[in-house]
Amino acid sequence: MTLTALRIDAHAHVFDRNLRLAAGRRYAPDYDAPLDTYLRQLDENGLTHGVLVQPSFLGTDNSYLLDCLETAGGQLRGIAVIDPDIPFEQLVAYDKAGVAGIRLNLVGQALPDFSTGEWPDLLAKLKALGWQIEIQRNATDLAPLARELVENGVNVVVDHFGLPDPRLGIADPGFRSLLQLGSSGRLYVKLSAPYRNGSDGKAFARLAYPLLRDAVGLDRLMWGSDWPHTQHESSQTYAGNRAFLRELVADDIEESRILAASQALFRY
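Only a predicted model underlies this, so the values are computations on that prediction, with no experimental measurement involved. (Residues numbered from 1 in each chain as written. Predicted model: local features only at pLDDT ≥ 70, side-chain atom pairs only at ≥ 80, totals over all residues. Heavy atoms only, no water.)

Chemist: Looking at this model, I keep getting lost on the overall build of the chain. Mind explaining?
Modeler: The helix and strand inventory of the chain stands at 9 helices and 8 strands. Taken over C-alpha atoms, the radius of gyration comes to 17 Å for the chain, in line with the 18 Å a tight globule of 268 residues would show. A principal-axis box enclosing the C-alpha atoms of the chain has dimensions of 45 × 40 × 40 Å. The buried share among the 268 residues of the chain stands at 54%. Nonlocal contacts in the chain, meaning residues at least 24 apart in sequence, comprise 75% of its contacts between residues at least 6 apart. Put simply, the chain shows about 11400 Å² of open surface, and 48% of that area lies on carbon and sulfur atoms. Averaging the locations of the 26 positively and 34 negatively charged side chains of the chain gives two centres separated by 3 Å. (Helix = DSSP H or I, 4+ residues; strand = E, 2+ residues; numbered from the N terminus. Rg over C-alpha atoms; globule rule 2.2 N^0.38 Å. Buried < 20%, exposed > 50% of the residue type's maximum accessible area, 1.4 Å probe, protein only. Contact = heavy atoms within 4.5 Å. Areas by Shrake-Rupley, 256 points an atom, 1.4 Å probe, with all protein chains shown as cover. Lys, Arg positive; Asp, Glu negative; His and termini not counted. Charge placed at Lys NZ, Arg CZ, Asp CG, Glu CD.)

Chemist: Help me out: how do you make sense of the sheet that holds strand β3 (residues 76-80) in this one?
Modeler: Hydrogen bonds along the backbone pair up the strands of a sheet, which may run parallel or antiparallel. Taken in spatial order, the 8 strands make up an open sheet running β1-β2-β3-β4-β5-β6-β7-β8, and their pairing is parallel. Each of the sheet's edge strands pairs with one partner strand only, and the pair in question is β1 (8-12) and β8 (221-224). The mean inter-strand angle of the sheet, taken between neighbouring strand axes irrespective of direction, is 25°. As defined by bridge partners, strand β6 (residues 155-158) adjoins strand β7 (residues 187-192) across 3 bridges and the pair is classed as parallel. (Pairing = 2+ DSSP bridges. Axes fitted to C-alpha atoms, helices over the stretch in contact; angles between N-to-C directions.)

Chemist: Help me understand helix α8 (residues 238-248) in this model?
Modeler: Every α-helix carries 3.6 residues per turn, so stepping three or four residues along brings you back to the same face. Here α8 has its buried residues at Y238, N241, R242, F244, L245 and L248. Along α8, the residues classed as buried sweep out an arc of 155° about the axis, all on the same side. The secondary structure elements touched by the buried residues of α8 are β1, α1 (35-44), α7 (201-216), β8 and α9 (252-260). (Arc of directions from axis to C-beta.)

Chemist: Help me understand the pattern of salt bridges in this model?
Modeler: It is possible for side chains bearing opposite charge to pair when their charged atoms get close. The tally for this structure, following the rule as stated, stands at 17 salt bridges. The salt bridge involving R103 is made with E134; its shortest N-O contact spans 3.3 Å. Note that R103 is positioned in strand β4 (residues 99-105) and E134 in strand β5 (residues 132-136), a separation of 31 residues in sequence. For E134, a relative accessible area of 0% translates into the label buried. Here the salt bridges share partners, and the residues they tie into one network are R103, E134, D159 and K190. (Salt bridge = Lys/Arg side-chain N within 4 Å of Asp/Glu carboxyl O.)

Chemist: Explanation requested: the packing of helix α6 (residues 173-180) against α7 in the structure shown.
Modeler: How two helices pack is summed up by the angle between their axes together with the distance between the axes. As a packed pair, α6 and α7 sit with axes 9 Å apart at the nearest point and diverge in direction by 30°. Comparing the axis directions of α6 and α7 gives the class roughly parallel. Contacts from F175, R176 and L179 in α6 reach F204, A208, L211, L212 and A215 in α7. Taken together, the residues of the contact of α6 with α7 sort by class into 7 nonpolar, no polar and 1 charged. (Parallel < 35°, antiparallel > 145°, perpendicular 65-115°, else oblique. Nonpolar A, V, L, I, M, F, W, Y, C, P; charged D, E, K, R; others polar.)

Chemist: Looking at this model, I keep getting lost on the nonpolar core. Mind explaining?
Modeler: Of all hydrophobic cores here, the largest spans 71 residues; its most connected members are Y38, L52, I133 and L212. With sequence-adjacent residues up to four places away left out, L52 is seen in contact with A12, V14, L35, Y38, L65, C68, L69, L76, R77, G78 and I79. If you look at the next biggest cluster of nonpolar residues, it comprises 12 residues, including A10, A100, V157 and M222. (Core = buried A, V, L, I, M, F, W, Y, C linked by side-chain atoms within 4.5 Å.)

Chemist: What exactly am I supposed to notice about the side chain of D172 here?
Modeler: With respect to the helices and strands, the residue D172 is situated in the loop between β6 and α6. It turns out D172 is buried and unbridged, and the closest side chain with the opposite charge, R167, is 8.1 Å from it. With residues up to four places along the chain from it excluded, the contact list for D172 reads A139, T140, P164 and D165.

Chemist: Help me understand the pairing of β7 in this model?
Modeler: Regular strands have side chains that alternate between both faces of the sheet. Buried residues dominate β7, accounting for 6 of its 6 residues. Regarding topology, α6 serves as the crossover connection from β6 to the parallel β7, and that connection is right-handed. Of the strand pairs in this sheet, β7 and β8 are connected by 4 bridges, and their pairing is parallel. Paired with L191 across the two strands is W223, which belongs to β8. (Right-handed = clockwise from strand over helix to strand, strands pointing away.)

Chemist: Honestly, the packing of aromatic side chains in this entry has me stumped. Any pointers?
Modeler: Any two aromatic rings considered together are summarised by their centre-to-centre distance and by the angle between their planes. In the structure shown here, the tally under the stated rule is 7 aromatic pairs. Ring geometry for F175 against F204: centres 5.7 Å apart, planes inclined by 70°, an arrangement best described as edge-to-face. Of this pair, F175 sits in helix α6 while F204 sits in helix α7; the two residues are 29 residues apart in sequence, bridging distant segments of the chain. Taken as a pair, F175 and F204 share a single burial class, namely buried. One aromatic cluster is present, built from ring pairs that chain together F15, Y31 and F57. (Phe/Tyr/Trp six-rings, centres within 6.5 Å; stacked < 30°, edge-to-face > 60°.)

Right, here's the structure in full:
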C-alpha cells in the first residue's frame, strides 16, 4: 500500500460503560462505544486505518485498548495513558501490541515538570521506542510544554487544533507559539473536533488551517474523527466530521496527504 493510499483516522475512542473507571475522572459515559461500531464507521467513511486513544476516564488501565488492538489485527494503533514510573519492559510489551505513544490529557490537571521526578527517565524510554507524546490542553499552557518536549527530541502531537481561547481564535498567543514550533519537524497537529473550540469552532478551523499548513506542513497535520464525540454526541456524527474535512481542505491532493500523514508516526 502506497503512502497516499492510506486514509487514517488519527483520533477515536472505544469503551464499554461497565469497565472500571478511574478515580477523579471528570466524565463518565452512560453508553458503549464498541470496536465493531468504530470499524464500521471507518469502512463507511472511506478510511483504511485508525488510532484508538485511551479515554481519560479509564485511567492507566489500558487492557481494553490492548484487546481492541489485537482484535483489529493490525488495522489500528493505540495511544496509552501511563504512570510516569512504568517499567520499560511494560512499554516494550505495549509497543509490540501496537501502541505508538502516550497521552497527557491535562485539561483540569496540574502541569507536569518534565525536568524532575520520573519524567527525564520516561522521556528517554519514549525516545528509545520512537514514541510520541499526545497532549490535550489549552494553547496558552500547551505551547511551553510542547517546546520543552520538542527541544528534548520528542515528537509532540497536539489535539484539536491546539485548543486556543475561543474568544481569541488564531490571535491566541499560545496558538501563535505553536505555529512557531512547526519548523522543528517534531510538532504534529490534529485537525479534529472543531466543536471543542467553542460555538464558532468551524469558523476558527477555516482560519487556522492555512496557518497550520504553512507552519507545520501537510505531512505533520492529521485528521481525527474524535468518535464518539464524548459530551457532544447529540450534535456530532462521524460522517459530519468527515465531510467537514473535505470542506476545510478543498484540494484532493492536500486532503490525501493529511489522511496519510500519520503513517510513519504510527508505523503503518
